[in-house]
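Chain by chain, the residues run as shown.
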Amino acid sequence: MSNTIENSFTLLSEEINKKLQELNITQPTKVQQQIIPVINEGKNIIFQSETGTGKTFTYLLPLINRLETEASNGKVQIIIVAPTFELASQINAAAKSITNRKTALFIGGAPIKRQLETLKEKPEIVTGTAARLVELIRLKKLKIDGIKACVFDECDRLIKKESFEESEELRGLMPREAQFIACSATINKSVKIFFTGVQDIVIPAEDVLKKNITHWAIFAENREKIETLRKFLQAANPDKVLIFTSRADQVENIFSKLSFKKVDCMALHAKADKQVRKAAIDKFRSGKVKVLITSDLAARGLDIPEISHIVQMDLPSDEDFFVHRSGRTARAGKTGINVVIGDEYEMRKYAAIEKKFGLTVYPKQIYNGKIIDPIL
């Protein structure tokens, strides 16, 4: 068996391997092992892999490796589109960690004037949200004639109703010879139709959801949920906990009630100012704040290490969101706990999810300040 098959990192330059070692990354994950050689060959590909398995580096490493074999020509050569400001920002930071080539981040809601200044610095790797990237291309400020690869990260989200038009336009604007890469933890039929003709690979499940995450169910009537959450936080004393709710207005409600009870927490709103959102994530990432409350839209694709617990204050109508929520813990081979605090209707729904994904859900309750098995 050749070295290439044994370890896909052998396809990468010495310089990139050195940067990976500085990040304490020495072995490729399963998805990196399988997909890096395919991208390295310049093939178009859609790949699916569970959350926390290293999808970002799966495409960044071979693309940047190829970019660095050539002299800089001052043109944008890699364009990466993501559904949220947070994910785009994370991808940009990941690219910076493995290359000295110029990168740039272009997101909606931020001053376009500053972004136009950034383009004058001739970035080669551009990451952003679809609407802003399309706007910059239309303004003829973001030149696309040198683009060699276009990546759609969290592609299932990118083709949902709210961003379909911009994603479709962006795809259509790309040079015909550009390499197309799309990835997500959940790839559905709509994604395959959107990227018709692109090779499709689904990585065999690593069963992160089953093997690395412990699933708990805590019953609470709707009016008691936030108080149950407060008691849970006190009893569990988690290292780092991400709390999900489907409704954006509930994010503020939970935040207010927990804050009133002197729980140190922060809220992440999809509609909040970018700087406020960044500050919340930075504090949570660094551990200055242990509790972050968020909606599905704000937290999609967030890669924050050492999240010990996920708490779902409701169950999303789309089961894919359950997978994405749960997968914010137990990343990169770690373990974690996923808790659903729900009423009778949600417990029935949870039982259906348990059956569908082959999970084992353990009922729990909070008694005398401790998390215990139910008293029968």
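Rules and cut-offs
Residues numbered from 1 in each chain as written. Predicted model: local features only at pLDDT ≥ 70, side-chain atom pairs only at ≥ 80, totals over all residues. Heavy atoms only, no water. Axes fitted to C-alpha atoms, helices over the stretch in contact; angles between N-to-C directions. Helix = DSSP H or I, 4+ residues; strand = E, 2+ residues; numbered from the N terminus. Parallel < 35°, antiparallel > 145°, perpendicular 65-115°, else oblique. Left-handed = near helix turned anticlockwise from the far one by under 90°. Contact = heavy atoms within 4.5 Å. Nonpolar A, V, L, I, M, F, W, Y, C, P; charged D, E, K, R; others polar. 1 Å grid on protein atoms, 1.4 Å probe; cavity = no way out; pocket = protein on both sides within 12 Å on 5 of 7 lines; lining within 4 Å. Points joined across faces, edges and corners; volume = space filled by probe spheres on them. Pairing = 2+ DSSP bridges. Phe/Tyr/Trp six-rings, centres within 6.5 Å; stacked < 30°, edge-to-face > 60°. Lys NZ or Arg CZ within 6 Å of the ring centre and 35° of its normal.

> Looking at this structure, I do not really get the packing of helix α7 (residues 130-138) against helix α9 (residues 164-173). What am I missing?
A pair of packed helices can be characterised by two numbers: the angle between their axes and the separation between those axes. Contact geometry for α7 and α9: axes closest at 9 Å, N-to-C directions at 45 degrees. Between α7 and α9, the interaxial angle falls into the category oblique. The element α7 and its partner α9 pack so that their crossing is left-handed. In this structure, α7 contributes Ala130, Ala131, Leu133, Val134, Ile137 and Arg138 to the contact, and α9 contributes Glu166, Ser167, Glu169, Leu170 and Leu173. Split by residue class, the contact of α7 with α9 holds seven nonpolar, one polar and three charged.

> Mind showing me how you'd approach the layout of surface pockets here?
Any space left empty among the atoms is revealed by the rolling of a water-sized probe across them. Reported here for the largest pocket is a volume of approximately 1100 Å³. Along its surface, the largest pocket is lined by 40 residues, and Gly52, Gly54, Asp303, Arg331 and Ala332 are the ones closest to its centre. Among the secondary structure elements, those contributing two or more residues to the lining of the largest pocket are α4 (55-67), α5 (85-98) and α11 (208-212).

> Where do I start with the sheet that holds strand β6 (residues 179-184) in this structure?
Taken in spatial order, the seven strands line up as β3-β4-β2-β5-β6-β1-β7 in an open sheet, and their pairing is parallel. Looking along the sheet, the strands with just one partner apiece sit at the ends: β3 (103-106) and β7 (199-202). Direction aside, neighbouring strands of the sheet carry axes that sit 15 degrees apart on average. Bridge analysis of strand β1 (residues 45-48) against β6 gives four bridges, and the strand direction is parallel. Bridge pairing in β6 places phenylalanine 47 opposite cysteine 183.

> Just to check I follow, could you spell out the packing of aromatic side chains for this structure?
For any two aromatic rings, the description comes down to two numbers: the centre-to-centre distance and the angle of the planes. Taken as a whole, this structure holds seven aromatic pairs when the rule is applied. For the pair phenylalanine 164 and phenylalanine 194, a centre-to-centre distance of 5.6 Å together with 75 degrees between the ring planes defines the contact as edge-to-face. Here phenylalanine 164 is found in helix α9, whereas its partner phenylalanine 194 is found in helix α10 (residues 189-194), with 30 residues between them in sequence. Pairing phenylalanine 322 with phenylalanine 357 gives two aromatic rings, centres 6.4 Å apart and planes at 20 degrees, and the pair type is stacked. Here phenylalanine 322 is found in helix α16 (residues 319-326), whereas its partner phenylalanine 357 is found in helix α17 (residues 344-357), with 35 residues between them in sequence. Among the aromatic residues, those joined into a ring-pair cluster are Phe152, Phe164, Phe180, Phe194 and Phe195. Sitting over the face of the ring of phenylalanine 194, arginine 171 holds its NZ or CZ atom 4.2 Å from the ring centroid. Between lysine 240 and the ring centre of phenylalanine 284, over which it is positioned, the NZ or CZ distance is 5.8 Å.

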